[in-house]
Amino acid sequence: MNDYGTTIYFVRHGETYFNFYNRMQGWSNTPLTPQGEIDVRRSGKGLKDVKFDAVYSSDLSRTIDTAELILGENEQTDPEIEITMMPEFREIFFGTFEGEYGDTTYKKVADHLGFETADRMFSDVNQFDRMGAFKEIDPHGHAEDFMEFWLRVEKGLLKLIDKHRDTGETILLVAHGGTIRLILENLIPDLDDPNPLLNASVSVAHYDNGLYHLDQYGDVSHFVDESELED
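Since this is a predicted model, take the numbers as computed values, not measurements. (Residues numbered from 1 in each chain as written. Predicted model: local features only at pLDDT ≥ 70, side-chain atom pairs only at ≥ 80, totals over all residues. Heavy atoms only, no water.)

Turning next to the packing of aromatic side chains. One pass over the full model with this rule turns up 11 aromatic pairs. Taken together, a centroid distance of 5.5 Å and an interplanar angle of 80 degrees make the contact between Tyr9 and Phe52 edge-to-face. A residue pair is termed long-range when its members are at least 10 positions apart, and Tyr9 in strand S1 (residues 6–12) and Phe52 in the loop between helix H2 (34–46) and strand S2 (54–57) qualify at 43 residues. A relative accessible area of 15% means that Tyr9 is categorised as buried. Judged by centre distance (5.7 Å) and plane angle (70 degrees), the rings of Phe97 and Phe134 are edge-to-face. Pair noted here: Phe97 is in the loop between strand S3 (83–85) and helix H4 (102–113) and Phe134 is in helix H6 (residues 127–137), with a separation of 37 residues, a long-range link. Side by side, Phe97 and Phe134 carry an identical accessibility label, which is buried. The ring of Tyr101 carries Arg23 above its face, with NZ or CZ at 3.8 Å from the centroid. Over the aromatic face of Trp27 sits the side chain of Arg90, whose NZ or CZ is 4.9 Å from the ring centroid. (Phe/Tyr/Trp six-rings, centres within 6.5 Å; stacked < 30°, edge-to-face > 60°. Helix = DSSP H or I, 4+ residues; strand = E, 2+ residues; numbered from the N terminus. Buried < 20%, exposed > 50% of the residue type's maximum accessible area, 1.4 Å probe, protein only. Lys NZ or Arg CZ within 6 Å of the ring centre and 35° of its normal.)

Attention shifts here to the UniProt feature "site: Transition state stabilizer" (unreviewed entry) in the protein. In the numbering used here, UniProt assigns the "site: Transition state stabilizer" (unreviewed entry) feature to His176. The residue His176 is located in the loop between strand S4 (170–175) and helix H8 (177–187) in this model. What makes His176 buried here is its relative accessible area of 0%. Dropping the residues within four chain positions of it, His176 is found in contact with Arg12, His13, Ser58, Leu60, Arg62, Thr63, Phe89, Arg90 and Glu91. Of note is the side chain of His176, whose polar atom sits 2.9 Å from the side chain of Ser58. (UniProt positions renumbered as here; feature names shortened; annotations may be inferred. Contact = heavy atoms within 4.5 Å. Polar contact = N/O pair within 3.5 Å; in protein donor to acceptor, adjacent residues only side chain to side chain.)

Now for the UniProt feature "active site" (unreviewed entry) in the protein. Taking the numbering used here, the UniProt-annotated feature "active site" (unreviewed entry) corresponds to His13 and Glu91. On the basis of their most widely separated C-alpha atoms, the annotated residues across 79 residues gather in one place, lying no more than 10.7 Å apart. Relative accessible area serves as the criterion here: at 2%, His13 is assigned to the buried category. If sequence neighbours within four positions are ignored, His13 has contacts with Asn19, Gln25, Arg62, Thr63, Thr66, Val174, Ala175, His176, Asn199 and Ala200. A distance of 3.3 Å separates polar atoms of two side chains, one belonging to His13 and the other to Arg62.

Right, let's get into the packing of H4 against H6. Across the interface, H4 lies against H6 with an axial gap of 10 Å and an inter-helix angle of 95 degrees. On the basis of the axis angle, H4 is roughly perpendicular to H6. On the side of H4, the interface is formed by Thr105, Tyr106, Lys108, Val109, His112 and Leu113, while H6 contributes Arg130, Ala133, Phe134, Glu136 and Ile137. Taken together, the residues of the contact of H4 with H6 sort by class into six nonpolar, two polar and three charged. (Axes fitted to C-alpha atoms, helices over the stretch in contact; angles between N-to-C directions. Parallel < 35°, antiparallel > 145°, perpendicular 65-115°, else oblique. Nonpolar A, V, L, I, M, F, W, Y, C, P; charged D, E, K, R; others polar.)

On to the sheet that holds S4. Sheet architecture is open: six strands sit in the order S3-S2-S4-S1-S5-S6, paired in mixed fashion. The open sheet has two edge strands with one neighbour each: S3 and strand S6 (211–219). Averaged over all neighbouring strand pairs, the angle between strand axes comes to 20 degrees, with direction disregarded. Sitting on the sheet, H8 is in contact with S1, S4, strand S5 (202–208) and S6, with an inclination near 145 degrees to S1. (Pairing = 2+ DSSP bridges.)

This is the structure in structure tokens:
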């Protein structure tokens, strides 16, 4: 426990079947793959000596399952601790494109923005504008643009900070790659267009006196070898 502020461990969920199949997965939900479960346990084992004072996840099963697996490897956290599920921390909603192959979807977005390839679009267009394009080409208009997404997530962050500010507590928040990436990109001034997060990776931010300080981003160096996991 720190003497002030609060520290948040942001963990991306483990690999799911839609991740493995390269399909768009926002609010749609598929289970963790066997390898996904193993990698979450490897991550959790590497965090076994971190005492979490509170645990949060989105309300989608892939983050809940990930949180449970991480806690199952932890040796310092109260074994009776409850996971608080918050829909505010869901992944970006891709609307009509949920479940579609990623290559197909991003080619449509690239075409809409006037790029010949998705790779060129990714290099020239930021995440905020890409989200706007998703909204524009969704025939039902259900896909979230950046402001819809951010207002939702910010509401969840404010709840966490209001509850834990200046407690010195360490918080585990299991969420989604896009969600964590956009949270940190908007809260950390020097984090500009960071790399996508790997499954089960850990990013650590310390909140104090209204400011967020990034200690780790997308770290997987703490993963233990599979041979260190108990059956």
